[in-house]
Amino acid sequence: MRLKPPPGLVGWGLALCLFLCVTTQVLSGIEPAWRTATIVLLAVSHFTANVSSGVLGRRIALDHDKGTLMRLAWNLITLAVLVNACRVVFEVAFQSTGRLDSALHPALGLRQIFVASSFLILTGALGAMWSAFTTLQLGIRLRAIDWALIGCVVFLVPPVIWNRQTMGDSGSPWAIVRYLQISGPILLAIPASMGIVLYRVSEEMGEGRMALTLKCLAGSLALRLSALAAAAFLGPDGNAAGASATSLVPMVFYITAHWIFLLGLVHRWRLSHQTTDLIERYESDQENQLTLLAQRTHKSAN
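**Q** Could you give me a rundown of the overall build of the protein chain, with the residues and numbers involved?
**A** A tally of helices and strands in the protein chain yields 11 helices and zero strands. In the protein chain, the succession of helices and strands from N to C terminus is α-α-α-α-α-α-α-α-α-α-α. Split into buried and exposed, the 302 residues of the protein chain put 43% on the buried side. Taking contacts inside the protein chain between residues at least 6 apart in sequence as the whole, the part at least 24 apart equals 77%. With an accessible surface of roughly 15300 Å², the protein chain has 67% of that area assigned to carbon and sulfur atoms.

**Q** Kindly report on the pattern of salt bridges, identifying the contributing residues and their values.
**A** For the coordinates displayed, the defined rule picks out four salt bridges. Here Arg111 makes a salt bridge to Asp169, at a shortest N to O gap of 2.8 Å. In this pair, Arg111 sits in helix α4 (residues 111-134) while Asp169 sits in the loop between α6 (157-162) and α7 (175-204), placing the two residues 58 residues apart along the sequence. A relative accessible area of 10% places Arg111 in the buried class. Residue Asp169 is classed as buried on the basis of its relative accessible area of 0%. Between Arg200 and Asp146 there is a salt bridge, and its shortest N-O distance comes to 2.6 Å. Of this pair, Arg200 sits in helix α7 while Asp146 sits in helix α5 (residues 144-155), and the two are 54 residues apart along the sequence. With respect to class, Arg200 is no different from Asp146; both count as buried. Here the salt bridges do not stand alone but share partners, grouping Arg87, Glu91, Arg111 and Asp169 into one network.

**Q** Go over α7 with me, naming the residues and quoting the values.
**A** Given 3.6 residues to a turn, an α-helix orients residues that are three or four positions apart in the same direction. A rise of 1.5 Å per residue sets the reference length of α7, with its 30 residues, at 44 Å; its end C-alpha atoms lie 45 Å apart and thus fit the reference within 8%. Where α7 bends most, at Ser183, the angle is about 35°, and the proline Pro185 comes one to four residues later.

**Q** So, the packing of α5 against α7: which residues are in play, and what are the values?
**A** Two numbers describe how α5 lies on α7: the axes approach to 9 Å, and their chain directions differ by 170°. Comparing their axes, α7 and α5 come out roughly antiparallel. For the pair α5 and α7, contact is made by Ile145, Asp146, Leu149, Ile150 and Val153 and by Ala189, Ala192, Ser193, Ile196, Val197 and Arg200, respectively. Considering only residue class, the contact of α5 with α7 consists of eight nonpolar, one polar and two charged.

**Q** An account of a nonpolar patch on the surface is requested, with residue identities and associated values reported.
**A** Together, Leu16, Phe19 and Leu20 make up an exposed nonpolar region whose accessible area comes to about 300 Å². Residue placement: Leu20 occurs in helix α1 (residues 7-28). Of the residues examined, Leu20 reaches a relative accessible area of 32% and is grouped as partly exposed.

**Q** Could you give an account of the packing of aromatic side chains, with specific residues and numbers?
**A** Within this structure, the stated rule accounts for two aromatic pairs. Relative to Phe94, the ring of Phe90 lies with its centre 5.1 Å away and its plane at 50°, an arrangement referred to as tilted. Separated by four residues within a single helix, Phe90 and Phe94 lie in helix α3 (residues 69-95), roughly one turn from each other. When the centroid spacing of 5.4 Å and the interplanar angle of 40° are considered together, the rings of Phe90 and Phe114 count as tilted. On the criterion of sequence distance, the pair formed by Phe90 in helix α3 and Phe114 in helix α4 is long-range, its members being 24 residues apart. A residue is classified by how much of its surface remains accessible, and Phe114, at 26% relative accessible area, is partly exposed.

**Q** Could you give an account of the side chain of Arg87, naming the residues involved and the relevant values?
**A** Positionally, Arg87 belongs in helix α3. Looking at Arg87, the relative accessible area reads 9%, which means it is buried. Filtering out sequence-adjacent residues up to four positions away, Arg87 remains in contact with Arg111, Phe114, Val115, Arg224 and His258.

**Q** Break down the side chain of Arg111 for me, citing the residues and quoting the values.
**A** In terms of polar contacts, Arg111 uses its side chain to reach the side chain of Glu91, at 3.2 Å. Each residue touching Arg111, except ones within four places of it in the same chain, is listed here: Arg87, Phe90, Glu91, Gln95, Gly168 and Asp169.

How each quantity is defined
- Residues numbered from 1 in each chain as written.
- Predicted model: local features only at pLDDT ≥ 70, side-chain atom pairs only at ≥ 80, totals over all residues.
- Heavy atoms only, no water.
- Helix = DSSP H or I, 4+ residues; strand = E, 2+ residues; numbered from the N terminus.
- Buried < 20%, exposed > 50% of the residue type's maximum accessible area, 1.4 Å probe, protein only.
- Contact = heavy atoms within 4.5 Å.
- Areas by Shrake-Rupley, 256 points an atom, 1.4 Å probe, with all protein chains shown as cover.
- Salt bridge = Lys/Arg side-chain N within 4 Å of Asp/Glu carboxyl O.
- Expected span 1.5 Å × (residues − 1).
- Bend = angle between axes of the 7 residues up to and from the residue.
- Axes fitted to C-alpha atoms, helices over the stretch in contact; angles between N-to-C directions.
- Parallel < 35°, antiparallel > 145°, perpendicular 65-115°, else oblique.
- Nonpolar A, V, L, I, M, F, W, Y, C, P; charged D, E, K, R; others polar.
- Patch = residues over 30% accessible without salt bridge, like charges linked within 9 Å, V, L, I, M, F, W, Y side chains within 5 Å.
- Phe/Tyr/Trp six-rings, centres within 6.5 Å; stacked < 30°, edge-to-face > 60°.
- Polar contact = N/O pair within 3.5 Å; in protein donor to acceptor, adjacent residues only side chain to side chain.

Below you can see the structure in the form of structure tokens.
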């Protein structure tokens, strides 16, 4: 029996993580000791969503033949989320010992290598998927709403770069860390825009479940970019209570983005599962399945 996680389970996971993280974040504005609990819960939320996405991504990849572009795409998606999970572990290793500022602890800034690598790998994954679609000689017919969404994604990049001093590693003494952090919004906007295009191509193909998957992936990346923009607009506050309040919006965006990404993979995995179930039913009882198919065809004709 293959794992078939219901989409509702992802929703409950997201709701639980949001409730716990927001609650502890609000409490941290009253009692700073709660800040540690927030850090731990955020790490658990992101790690769980990314590792789960990695497991599903690899299983989806195995549904495609070796050497195909779609298998390469899903293997790259798997690698991208696992790199992001490693980034979470890397951060926790520092944060659990109170090393929260890369200006004081430069090695913490190396997390930007994980972040940039994850975005680049994801861009490669969507590029491979795009190439797989083009082999079918399908034209790309973007609608006005698609261009508007891509425009919104691009619009979010400049504010983040302009307010780069509010970003977490802006005070790092290492130039490579600062440059990688500044490039992050651009590296994120590229796969987000590609996801929107691929969603439209998939919908034109009539691949409903795949289109939903790509819609979730694109929405997840756009939401992560929105989180960066929100953090840049809100900026740090001078007191603990104010800082706790202003960081709630980007926190909610970040958490939701990771779980929406997982939701997209769940939908794609359920599509594979349904196809496998259909094949297994046919192989176990070919005569009965052919009879049922004939009956459905007859009803449709009438």
